[in-house]
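Examining the three-dimensional arrangement
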Amino acid sequence: MTKRGVLIVVSGPSGVGKDSVLRMYMPGKTCVKLSISSTTRIPRQGEVDGEHYNFVSREVFEGMIARHEMLEYAEYAGNYYGTPKKWVEDTLASGKHVILEVELIGALKIRALTPEAVFVFLMPPSLKALEDRLIGRGTETIASIDKRMKAARNEILHAGAYDYIVVNHTLQESCEMLDVIINAAALRTSHQKDIIGEVINHA
């Protein structure tokens with residue numbers, strides 16, 4: 001019987017480096033899949049449907065909500081973002097681990113629905129370091145950065161609701177820590193109860 005995969009939920013404030021960490025971590029990880037969110041927003045330049053997001057119409061997304069097909073979803077700036085439930089469930093059932101990169105609100109919804117999931121909060125070394133990263137992007141206005149910093153403070157205050165905190169000093173170190181967390185999660189007693197019966201029955 002195929003052992004079920006582990007659901008790993010990764011969150012952190014805007015600018016902390018979630019995308020960068022996962023881009024470095026994922027190549028070569030045959031047992032780990034990165035979930036692709038669905039959204040109703042228009043693709044940005046360079047974004048590919050089915051790779052960066054699943055781009056759908058508002059009508060399609062709201063139909064998925066009505067049919068309870070979303071694991072979590074939220075609306076930001078007039079657009080829906082969410083995680084299709086079926087793909088996640090099918091992938092976990094196949095024995096693959098699934099990483100979801102979601103915001104705080106989505107993570108808390110998943111925590112309530114899927115308590116066996118593992119929750120990882122990617123933390124900046126300091127608020128000053130986070131602000132410097134946002135400024136360094138060169139794509140944000142001062143007002144936008146101030147708004148993101150206020151949101152970041154609120155998100156960091158909720159970090160205690162997560163199972164693990166990874167401070168993103170360097171991408172390499174964060175990737176190594178994420179790998180340790182995933183491997184340890186797969187070995188939890190709650191995830192391996194079936195092995196007890198297997199050993200006893202084959203004594």
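These notes cover the structure that comes with them. Keep in mind that what you see is a predicted model, and the values were worked out from it rather than measured. (Residues numbered from 1 in each chain as written. Predicted model: local features only at pLDDT ≥ 70, side-chain atom pairs only at ≥ 80, totals over all residues. Heavy atoms only, no water.)

A few words now on the packing of helix H1 (residues 18–25) against helix H7 (residues 171–186). At their nearest, the axes of H1 and H7 sit 9 Å apart, and the two run at 70° to each other. Judged by the angle between their axes, H1 and H7 are roughly perpendicular. As for the relative orientation of H1 and H7, their crossing is right-handed in sense. On the side of H1, the interface is formed by Ser20, Val21, Leu22, Met24 and Tyr25, while H7 contributes Leu171, Gln172, Ser174, Cys175, Leu178, Asp179 and Ile182. Of the residues contributing to the contact of H1 with H7, the split by class is eight nonpolar, three polar and one charged. (Axes fitted to C-alpha atoms, helices over the stretch in contact; angles between N-to-C directions. Helix = DSSP H or I, 4+ residues; strand = E, 2+ residues; numbered from the N terminus. Parallel < 35°, antiparallel > 145°, perpendicular 65-115°, else oblique. Left-handed = near helix turned anticlockwise from the far one by under 90°. Contact = heavy atoms within 4.5 Å. Nonpolar A, V, L, I, M, F, W, Y, C, P; charged D, E, K, R; others polar.)

Quick look at the environment of Lys128 now. Relative to the helices and strands, Lys128 resides in helix H5 (residues 127–137). C-alpha of Lys128 to C-alpha of Asp19: the two residues are 109 residues apart in sequence and 20 Å apart in space.

On the surface, a nonpolar cluster with roughly 380 Å² of combined accessible area is contributed by Ile195, Ile196, Val199 and Ile200. With respect to the helices and strands, the residue Ile200 is situated in helix H8 (residues 193–201). (Patch = residues over 30% accessible without salt bridge, like charges linked within 9 Å, V, L, I, M, F, W, Y side chains within 5 Å. Areas by Shrake-Rupley, 256 points an atom, 1.4 Å probe, with all protein chains shown as cover. Salt bridge = Lys/Arg side-chain N within 4 Å of Asp/Glu carboxyl O.)

Formed by 25 residues in total, the largest nonpolar core has its most connected members in Ile8, Tyr25, Ile99, Val120 and Leu178. Every element with two or more residues in this core is listed here: strand S1 (7–11), H1, strand S8 (118–123), H5, helix H6 (142–157) and H7. The greatest single-element share of this core, amounting to six residues, is contributed by H7. If you look at the next biggest cluster of nonpolar residues, it comprises 17 residues, including Leu92, Val98, Leu100 and Ala107. (Core = buried A, V, L, I, M, F, W, Y, C linked by side-chain atoms within 4.5 Å. Buried < 20%, exposed > 50% of the residue type's maximum accessible area, 1.4 Å probe, protein only.)

Let us now look at the pairing of strand S7 (residues 97–101). Most of S7 is tucked away: four of the five residues are buried. One ladder, built from four bridges, connects S1 with S7; its direction is parallel. Directly across from Leu7, in S7, lies its bridge partner Val98. One ladder, built from three bridges, connects strand S2 (residues 32–34) with S7; its direction is parallel. Among the inter-strand pairings, Lys33 is bridged to a residue of S7, identified as Val98. (Pairing = 2+ DSSP bridges.)

Remember, this is a structural readout, not a statement about activity or role.
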